[in-house]
Amino acid sequence: MENISNEDKISSKELIDMEKTLNKATQLPPVKMVVVNPYDKGTLESVSLAYYENVIIPILVGQKKEIMDRVEEFQIDIVEDWIVEGSDVEIPEIAASLLYSGEAKYIMKGMISTADFMHVLLEPKWKIRTERILSHVGMFEMPKSKRVFLMSDAAINILPNFTRKIHIVANAVDVARKIGLIPIRIAMLAAVEKVKLPAMPATLDAFLMKKFASTGYFGDCYIEGPYALDNALDPEKTATKGLKGEVAGKANILITPNIETGNVIWKIFTCVQKAHPAGVVMGGRCPIVVPSRADDYITKLRSIKFAKLLIG
Amino acid sequence: MKQTLSCLVNNKPGVLEKIAASFADIGINIYSLAAGEVEEEDKSRMTIVVDADEEAVKKATDKLKGLKDVIQIHDFTNEELISMELLLIKVRIKAEQIPQILQIAELFNAQVISVTDVSMVLSLASGEKRIDGMVRMLKPMGIIEMSRSGKLAVCGVDR
């Protein structure tokens, strides 16, 4: 991914700057974001910075003593008035009710497992669900070329079937439109460029998704696949292999075949490249910030900004 | 009434013809017939499904027993039967119907074994009713071609 020397094949008009894009969130009026169990340094730091950058007005739901102990320990600028006290059992419910009442516009997970967090949040009474399934959309920037792309799904859908992949693509397309990633070029990832059955079912879904897109379901966008990662992102390698199309080497949305692939790509960026992607769960009534507990404050701050841009 | 017979026969030319003639002589139509090698290479097992009453089947069975190359014949009708057949079905792909076709395949646990721009081939190894069910559900999508193996069976009771 680092050896892309043929970037001129992608029009400069198509390239967006990740930092500039995310910082648009600072130019919009701040909105209330509720945070569940903000006990870790990364969450507290990111929330504090997001407040001072005019992105959010935080509502921190958790045990007040625990939060203030951490604030003191890490020397973070957090205002006590932001805290809504609750017992362990009540915390996710209180947060969900703030979202439901409209008091908060979106929500972020702190030190709580994603399963426990989502279990409460997705109770029908909170009306978070829509006709779409939920999926995680990540925003990445290649360290050298600074090219930005979206990837889904690294966190929610384990082994999505074709129908779920339709929703995953639709959620990612919505995000691309909202952040101005135009034209939308979607690569359905697999390990090879040809359909291999029955050994590689992801290649079948990729092939059929391209065909399904001809119904117009996703609106204006290009979908191609199956593509290996390099064929999706690297124009040079694409040229070597003789692949042609509107997506080959120029993808700005990657759809992974399963959660393992998405998770590995995410962790390669955060652990190996020490990069800072942003991530958000889409498909619900509002964006949901579900960072990994191990993500650092920059990734969390970027995710808060990313989600704000996707409200409404 | 459909009845299932299993014949262990010598794997020789002309045996199938004699067996088919035994049923035809009594006026029984063979609904499906699947034949293949068994654990001994010089023998074959034929799983035959016929649509006939018990008396007619008994007559045919007696006739089969008289054939030199029929080693063993077994009427599964009243026994515990483990059976399955294989379906290969080619359906037309219309973009808007792709999710439905894949949902049907998933519902029946069928495999997509081949795909082109215009068609998809699915395979399903299952019982007769489930195969009938999937064929019925795929029919509105446009079946281009299909092939069923006929029932394969083994006795579920240890003798």
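Asks: Is there a simple way to think about the overall build of chain A in this case?
Replies: Of regular secondary structure, chain A possesses 11 helices and 11 strands. Against the compact-globule benchmark of 20 Å for 312 residues, chain A has a radius of gyration of 20 Å, which places it among compact chains. If you line up chain A on its principal axes, its C-alpha atoms span 60 × 40 × 30 Å. Sorting the 312 residues of chain A into buried and exposed places 48% on the buried side.

Asks: Just to check I follow, could you spell out the overall build of chain B for this structure?
Replies: Summing up its helical and strand segments, chain B has four helices and nine strands in all. In sequence order, the secondary structure elements of chain B are arranged as β-α-β-β-α-β-β-α-β-β-α-β-β. Residues classed as buried in chain B amount to 26% of the 159 residues present. Restricting the contact set of chain B to residue pairs at least 6 apart, pairs at least 24 apart contribute 75%.

Asks: Before we go on, may I ask you to explain the packing of helix α6 (residues 162-179) of chain A against helix α7 (residues 201-213) of chain A in this structure?
Replies: A pair of packed helices can be characterised by two numbers: the angle between their axes and the separation between those axes. Residue and element names in this part refer to chain A. One way to put it is that α6 packs onto α7 with a least axis distance of 11 Å and a crossing angle of 60°. One element, α6, and the other, α7, form an angle in the oblique class. Viewed along their axes, α6 and α7 form a crossing whose handedness is right-handed. Within the contact between the two elements, α6 uses F162, K165, I166 and V169 and α7 uses D205, L208, M209 and F212. Residues that form the contact of α6 with α7 fall into these classes: six nonpolar, no polar and two charged.

Asks: Explanation requested: the interface of chain B and chain A in the structure shown.
Replies: When the parts of a complex come together, some accessible area is lost, and that lost area is often used as the size of the interface. Of the residues lining the interface, 13 residues belong to chain B; the matching set on chain A comes to 14 residues. Going through the elements one at a time, α3 (98-108) and β6 (111-115) of chain B are the ones with two or more residues in the side of chain B that touches chain A. Split by residue class, the side of chain B that touches chain A holds eight nonpolar, three polar and two charged.

Asks: Would you mind going over the pairing of strand β3 (residues 43-51) of chain B with me for this structure?
Replies: Residues in a regular strand point their side chains to alternate faces of the sheet. All names here are of chain B. Among the nine residues that make up β3, seven are buried, leaving the element largely enclosed by the rest of the structure. The sheet contact formed by strand β1 (residues 2-10) and β3 spans nine bridges and is antiparallel. Opposite L5, over in β3, you have I48 as the bridge partner. Both strand β2 (residues 30-37) and β3 contribute to a ladder of seven bridges, which runs antiparallel. What sits directly across from S32, in β3, is V49.

Asks: What is the right way to look at the confidence of the model for chain B in this model?
Replies: Of the residues in chain B, 98% reach a pLDDT of 70 or more, and the chain-wide mean stands at 92. Taken over the whole predicted complex, pTM reads 0.89, whereas the ipTM for its chain interfaces reads 0.82.

Asks: Honestly, the sheet that holds β2(B) in this entry has me stumped. Any pointers?
Replies: Hydrogen bonding along the main chain pairs the strands of a sheet, whether they run parallel or antiparallel. Residues and elements named next belong to chain B. Within the open sheet, the four strands sit side by side as β2-β3-β1-β4. Their pairing is antiparallel. Of all the strands in the sheet, the pair left with one neighbour each is β2 and β4 (70-75). Neighbour to neighbour, the strand axes of the sheet diverge by 15° on average, direction disregarded. Its contacts with the sheet put helix α2 (residues 54-65) on β1, β3 and β4, and the angle it makes with β4 is roughly 160°.

Asks: Is there a simple way to think about the domain arrangement of chain B in this case?
Replies: Residues and elements named next belong to chain B. According to the domain assignment, chain B consists of domain 1 (2-78) and domain 2 (82-155). Taken together, the nine residues of domain 1 in the interface contact seven residues of domain 2. Within the residue set of the side of domain 1 that touches domain 2, elements represented by two or more residues are β1, β2 and β3. The greatest single-element share of the side of domain 1 that touches domain 2, amounting to three residues, is contributed by β2. The residue inventory of the side of domain 1 that touches domain 2, partitioned by class, reads four nonpolar, five polar and no charged.

Asks: Looking at this structure, how should I read helix α1 (residues 18-27) of chain A?
Replies: Every α-helical turn comprises 3.6 residues, leaving residues that sit three or four positions apart pointing alike. All names here are of chain A. Those residues of α1 not exposed but buried are M18, L22 and A25. Down the axis, α1 shows its buried residues gathered within 20° of arc, on one side only. Every exposed residue of α1 that faces more than 90 degrees away from the buried side is listed here: K20 and Q27. Summarising the contacts, the buried residues of α1 are in contact with β5 (135-141), β6 (148-152), β10 (278-282) and α11 (297-309).

Asks: Explain the nonpolar core here, please?
Replies: Grouped burial of nonpolar side chains is what soluble globular proteins tend to show. Counting 111 residues, the largest nonpolar core has A:I107, A:L150, A:A172, A:I186, A:M188 and A:I253 as the members making the most contacts within it. Here the element with the most residues in this core is α7(A); it accounts for eight residues. Every residue in contact with A:I107, bar those within four places of it in the chain, is listed here: A:M33, A:V34, A:A95, A:L99, A:I288 and A:V289. Core analysis: the next-biggest nonpolar cluster, separate from the first, contains 17 residues, B:L5, B:V9, B:M46 and B:L64 among them.

Asks: Sorry if this is basic, but what is going on with the confidence of the model for chain A here?
Replies: In low-pLDDT segments, the atomic positions of the prediction should not be examined closely. Per-chain confidence: chain A averages 93 in pLDDT, with 96% of residues scoring 70 or above. Every residue in residues 1-8 of chain A scores below 50 in pLDDT, and together they form 14 contacts with partners more than four places removed in sequence or on other chains.

Cut-off values and rules
Residues numbered from 1 in each chain as written. Chains lettered and ligands numbered in written order. Predicted model: local features only at pLDDT ≥ 70, side-chain atom pairs only at ≥ 80, totals over all residues. Helix = DSSP H or I, 4+ residues; strand = E, 2+ residues; numbered from the N terminus. Rg over C-alpha atoms; globule rule 2.2 N^0.38 Å. Buried ≥ 20, exposed ≤ 12 C-beta atoms within 10 Å, placed from the backbone. Contact = placed C-beta atoms within 7 Å. Axes fitted to C-alpha atoms, helices over the stretch in contact; angles between N-to-C directions. Parallel < 35°, antiparallel > 145°, perpendicular 65-115°, else oblique. Left-handed = near helix turned anticlockwise from the far one by under 90°. Nonpolar A, V, L, I, M, F, W, Y, C, P; charged D, E, K, R; others polar. Pairing = 2+ DSSP bridges. pLDDT = per-residue confidence, 0-100. Domains from an automatic or database assignment. Arc of directions from axis to C-beta. Core = buried A, V, L, I, M, F, W, Y, C linked by C-beta atoms within 7 Å.

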